[in-house]
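Structural characterization, general
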Amino acid sequence: MPAVGHRKTLQEYLTSEWQDKGRNGGLGAVIMAIADGSCRVEHQVRQASLADALGATGEINVQGEIVQRLDTASSDIFVETLSQSGHVAAIGCEEIERPVIVEGDIADGFIVLMDPLDGSSNIDVAVSIGSIFGIWQKSPGEIVNEDSLLRPGKDQVAAAYVVYGSSTVLVLATKGNVCGFTLDTESGAFALTHPGIKIPAECPYYSTNEGNNKVLDQPTQKAITLLRNKYSQRYVGSLVADFHRNLLKGGIFAYPADQNRKDGRLRLMYEANPLGFVAEQAGGAASTGYQRILDIVPQELHQRTPLILGNKDVVEDTVSVIKAG
Ligand code: P6P
């Protein structure tokens, strides 16, 4: 029976729209591992204050950032569910310096790069946070190693994110299709609530940290000024929350490079690439300000990138202003 009234569950969707139409079941198993893990993360996020699970671990991660307890817990959960899916050959994770190579011969293996809990600075103040996943398929017979994870975003076969907000929504993108599923906390199943997502043509919002304006270069300052003069500012400080609003309502997100962050703040492999894939499949765009995000040939697992993401026309106009100097 469907989880919530007439709506299809994620499992039913994957069966009817994927497996019944010939897509191999491996990718579906990876998506279900993400869904199962996000149910567990969602519960921990909601209960954290009550379980004294907030706050920092006292460790500093590979990013040089203070590790929140929920960061570590979320990373452990997704590594477990993905590794147990039987279809994941390797995992790259923001919280783990080196790739996790999954033991065993996984013939149709997928490679998953993830930010298990994005927006850590918002965890303790009950503001929306999220999980982000990019999914690549390993070549038949490929023995996966660190280099297997360094593929351009345009080679992704799927991408997904989960936003833990006023509701918990899993957004799944494959070539030409973006859908949203809302968690029914009673049944623990995700139900199809947003079929066929396309970024709206109109663009009411721009999302950027205006506090960085003084350290932007002149062309970028000019581009941000044009956005400020045309649109309303909405900035949560959680990439997934800001992107999800812009995906559904229209908008542009910008975290450019600046004097303090020459390569930008956000990570290419498990933030910009997956969300750039979702944006493009929903009719949007993702750029560094100078090149398409998904064209970047990665050099290292945790490299950063400037990111301009969202409504295609507005991204292209913003990039034009930056490039014009
Ligand atoms: P700032 C959260 O820590 C994060 O990685 C993204 O989710 C968010 O978009 C960005 O950093 C916020 O950065 O410098 O505006 O606090």
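Just so it is clear, the model here is predicted, and its values are computed rather than measured.

1. Brief notes about helix H3 (residues 69-83)
For H3, built from 15 residues, the straight-helix expectation of 21 Å at 1.5 Å per residue is met to within 8% by its first-to-last C-alpha distance of 21 Å. All buried positions along H3 are accounted for by Leu70, Asp71, Ala73, Ser74, Ser75, Ile77, Phe78, Val79, Thr81 and Leu82.

2. Observations regarding the domain arrangement of the protein
Domain parsing of the protein yields domain 1 (10-194) and domain 2 (205-324). Taking the mean C-alpha position of each, domain 1 and domain 2 sit 22 Å from one another. The partner domain 2 presents 33 residues to the 47 residues of domain 1 that form the contact. Of the roughly 2,800 Å² buried between domain 1 and domain 2 on both sides combined, carbon and sulfur atoms contribute 64%. Our count for the contact surface shared by domain 1 and domain 2 stands at 2 salt bridges. Here Asp295 makes a salt bridge to Lys154, at a shortest N to O gap of 3.6 Å. Between domain 1 and domain 2 we count 12 residue pairs in polar contact (both at pLDDT 80 or more) in total. Contributions of two or more residues to the side of domain 1 that touches domain 2 are made by strand E3 (88-93), strand E4 (96-101), strand E5 (110-118), strand E6 (129-137), strand E7 (158-164) and strand E8 (168-174). When residues of the side of domain 1 that touches domain 2 are assigned to their parent elements, the largest contribution, 7 residues, is made by E6.

About the thresholds
Residues numbered from 1 in each chain as written. Predicted model: local features only at pLDDT ≥ 70, side-chain atom pairs only at ≥ 80, totals over all residues. Heavy atoms only, no water. Helix = DSSP H or I, 4+ residues; strand = E, 2+ residues; numbered from the N terminus. Expected span 1.5 Å × (residues − 1). Buried < 20%, exposed > 50% of the residue type's maximum accessible area, 1.4 Å probe, protein only. Domains from an automatic or database assignment. Contact = heavy atoms within 4.5 Å. Buried area = accessible area lost by both parts, 1.4 Å probe. Salt bridge = Lys/Arg side-chain N within 4 Å of Asp/Glu carboxyl O. Polar contact = N/O pair within 3.5 Å; in protein donor to acceptor, adjacent residues only side chain to side chain.

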